[in-house]
Each structure stands twice: as C-alpha cells, then as structure tokens.
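# Working through the structure, step by step
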Amino acid sequence: MTTTFRFRTRPTLALAAFLLAGPGTPAQAQAPPACLERSVILERLRTGYGEKPTAFALADGGRLVELLLAPEGATWTLLSSSPDGQSCILATGRHWITRTPEALGLESGWRP
C-alpha cells in the first residue's frame, strides 16, 4: 500500500516568487527557501502583506529567528537571519493565533 502526502507549498512558493521577482517582474522562482538581504525581505513583507516583526529568538549558531505577522494574524512568515544580514524564509501561512499561557489555562510561570 502506498501513502501519498500532499504538502501545502503554494503559499510559500508564491511568497518566494514575490520576494525574488519584486513588483512588475515575471516570477521565475525555484523551490524555497527564498533568501535575500534581511532589509529587502522585511520591506517586501511590510509593503506586500502588512507583516511586521513580532517575536524574536536567538538560535544556535547565532541565527536570529523572527516571526512576522500581518494585522489580525491574517498572514505570517517565519524568517531566519544570519549575522551577516542574509535572511531566508523558513515558512509562511495564514491565520496566526496568539494565546497567553493564562488564556490556555496554564500558570503564568509555565515554560515549555
């Protein structure tokens, strides 16, 4: 018996094409990840989707991982940036929902 998995890559591919091509240029993007200078990605996500950096974490190896959200969580992007300013889109999606530990019925001192 063969199992087929379908991945939802179209939004990621569309975003990669948008970021790599820029406005008014035919999009001929390959598979993600889409990597560009951090300032370019941030500007295109801000103007194209209304996304702004919302959460940050420092990953092993000195990489900065950022969550960018549009108003109301309509769209989101997970971005990884190296110390030299090169950034890559790790994932994209829609309908981000943020909940506090209290809203989930957990103690305020709870940590995963």
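This text goes with the structure placed above it.
Summarised in this report is the structure supplied together with it.

Reading guide: rules and limits
- Residues numbered from 1 in each chain as written.
- Predicted model: local features only at pLDDT ≥ 70, side-chain atom pairs only at ≥ 80, totals over all residues.
- Heavy atoms only, no water.
- Helix = DSSP H or I, 4+ residues; strand = E, 2+ residues; numbered from the N terminus.
- Buried < 20%, exposed > 50% of the residue type's maximum accessible area, 1.4 Å probe, protein only.
- Areas by Shrake-Rupley, 256 points an atom, 1.4 Å probe, with all protein chains shown as cover.
- Core = buried A, V, L, I, M, F, W, Y, C linked by side-chain atoms within 4.5 Å.

On to the overall build of the protein chain, then. Looking only at helices and strands, the protein chain has two helices and five strands in total. If you list the helices and strands of the protein chain from N to C, you get α-β-α-β-β-β-β. Relative to its full complement of 112 residues, the protein chain shows a buried share of 27%. By element, 57% of the accessible surface of the protein chain is carried by carbon and sulfur atoms, the whole surface being about 8100 Å².

We note that Glu72 has phi near 65°; this positive angle belongs to a residue other than glycine. Among the secondary structure elements, Glu72 is positioned in the loop between strand S3 (64-69) and strand S4 (75-81). Residue class for Glu72 comes out exposed when judged on its relative accessible area of 81%. Of note in the backbone geometry, His95 takes a positive phi value of approximately 60° without being a glycine. Looking at the secondary structure, you find His95 in the segment after strand S5 (86-94). Since its relative accessible area comes to 63%, His95 is described here as exposed.

So, about the nonpolar core. Among the nonpolar cores identified, the biggest contains seven residues, and these are Ala34, Ile41, Leu42, Leu45, Leu68, Leu79 and Ile89. Broken down by element, the residue count for this core peaks at three residues, all from helix H2 (residues 38-49).

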